[in-house]
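Report on the structure
Each chain, letter by letter, is given below.
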Amino acid sequence: MNKLGVHALVWEAGWSEDECARAIARTAEVGFDFIEAPALDPSLIDPVFTRRQLEAAGIGINFSLGLSFDSDISSGDADKRRRGRQKLEDAVAVCRDCGGEFIGGILYSVFGKYDRPPTADGIAQSAETLGAVAEIAARSGITLVLEVVNRYETNICNTAAQGVEMVRRVGAPNVKVHLDVYHMNIEESDIAAALADTGEYLGYFHTGDSHRGYLGSGTIDLAQVFRALVRMKYQGPITFESFSSRVVGQPLEGILGIWRNLWEDSHDLASHALMYTKAQLKAAQEAERQARERSRLPV
Ligand code: MN
């Protein structure tokens, strides 16, 4: 069974005590299994307080982040790489202390618009650092998932195939691919085929729609996406991600280009997304069963 989660930015822009408590309580109230909290700066998260809220609400947590130009582990600058590695290790510590299992996002390079393609050396540096951080993460049962995002948000992993290649280069059992349908819709030739090709390398999945608003209100053929996930027997976490200028503040607003107000009511958006995801998964499972069991001749 896939655990279903929601991104904290559906609720709150930050992670102060009040924001953390509200976001966790609302996630549980709607019925999600976990919340995904952004950890762009892991030092802003109080793990003791966060864990207490999670335990009271009875839900889990995962984290996501991206590196900055100043902490890019694919950089030729050793100081930047050192800061990046430190940030990743800090995120692992926060995740461990909060009881989380996954850290996703752009862990391999800059979360931002790069002005040049990656170099072979940069990719090798990134893979080496990720391997070292993965060893530390493994001691706490944490999996690092490398999010494949579109060309305007990073420069190493823009397609699922590149994500698989990067994961193979890191070569650690607790490093997997993190795919996001919003980004796949921009970069892949065939979303269902890209999912099938990723296969067992897939460790984490983000749903959303073409404009990152209400799930199902954009142009992505989500029924085909959920069928592909069910067909490949994907059992990992699925997080709903949606951004509106109603909640998102800087720096994410600027990096992601959140200029429009796509929704007002977080609760309505999140409840609908959970219902929609469950319905899509159920429909996809029934479609599989039709093919396997119910379309046979009697014996
Ligand atoms: Mn995403």
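Going along each chain's sequence as written, the residues are numbered from 1 onward. This being a predicted model, a pLDDT of at least 70 is required before a residue's local features are given, and a value of 80 or more before pairs of side-chain atoms are given or counted; all residues contribute to the totals for chains, interfaces and linings. Hydrogen atoms and water are omitted, and side-chain values are computed over all heavy atoms in the structure.

Under an unreviewed UniProt entry, the name given to the protein is Epimerase, and the organism recorded is Aureimonas glaciei.

What about the environment of Ile59?
Secondary structure counts use DSSP, requiring at least four H or I residues in a row for a helix and at least two E residues in a row for a strand, with both numbered from the N terminus. As for its position among the elements, Ile59 is in the loop between helix 2 (47–57) and strand 3 (60–67). In the structure, Ile59 is positioned 26 residues away from Asp33 in sequence and 5.4 Å away in space, judged by C-alpha atoms. Contacts are residue-level and defined by heavy atoms, with any inter-residue pair within 4.5 Å sufficient. The residues contacting Ile59, other than those within four sequence positions of it, are Ile24, Thr27, Ala28, Phe32, Asp33, Phe34, Ile35 and Leu54.

Brief notes about empty space enclosed by the protein
Cavities and pockets are found on a 1 Å grid laid over the protein atoms alone: a cavity is a set of points where a 1.4 Å probe fits but cannot escape, a pocket is an open set with protein on both sides within 12 Å along at least five of seven lines, and a lining residue has an atom within 4 Å of such a point. Grid points are joined across faces, edges and corners, and a volume is the space filled by probe spheres set on the points. Under the counting rule described, the total for this entry stands at two cavities of 30 Å³ or more. Volume-wise, the largest cavity comes out at about 210 Å³. Around the largest cavity, the lining comprises 22 residues; the ones closest to its centre are His7, Ser64, Phe111, Glu147 and Glu241. If you list the elements that add at least two residues to the lining of the largest cavity, you get strand 2 (34–38), strand 3, strand 4 (102–110) and helix 9 (252–256). Per element, the largest residue contribution to the lining of the largest cavity is three residues, and it comes from strand 3. The calculated volume of the second largest cavity comes to roughly 40 Å³. Taken together, Leu4, Gly5, Phe32, Thr207, Ile238, Thr239, Phe240, Ala273, Leu274 and Thr277 form the lining of the second largest cavity. Residue assignment for the lining of the second largest cavity shows that the elements contributing at least two residues are strand 1 (4–7), strand 8 (238–240) and helix 10 (266–294).

Focus on the coordination of the manganese ion
With distances of 2.0 to 2.2 Å, the protein atoms coordinating the manganese ion are Glu147 (OE), Asp180 (OD), His206 (ND1) and Glu241 (OE). Any nitrogen, oxygen or sulfur atom within 2.8 Å of a metal ion counts as a donor, with the limit raised to 3.2 Å for Na, K and Ca, and since water is left out, coordination shells can look unfinished. Donor residues for the manganese ion, ordered by position in the chain, follow E-x32-D-x25-H-x34-E. A residue pair is termed long-range when its members are at least 10 positions apart, and Glu147 in strand 5 (residues 143–147) and Glu241 in the loop between strand 8 and helix 9 qualify at 94 residues. In this scheme, a residue with accessible area under 20% of its type's maximum is buried, one over 50% is exposed, and one in between is partly exposed, where area comes from a 1.4 Å probe on protein chains only. Take Glu147: its relative accessible area is 6%, and that puts it in the buried class.

Some points on the packing of aromatic side chains
Note on aromatic contacts: the rings of Phe and Tyr and the six-membered ring of Trp form a pair at centre separations within 6.5 Å, being stacked when their planes are under 30 degrees apart, edge-to-face when over 60 apart, and tilted otherwise. Applying the stated criterion to the full structure yields three aromatic pairs. Where Phe102 meets Tyr204, the ring centres are 5.5 Å apart and the plane angle is 50 degrees; that geometry is what we call tilted. Highlighted residues: Phe102 in strand 4 and Tyr204 in strand 7 (residues 202–207), separated in sequence by 102 residues. Judged on exposure class, the residue Phe102 and its partner Tyr204 are both buried.

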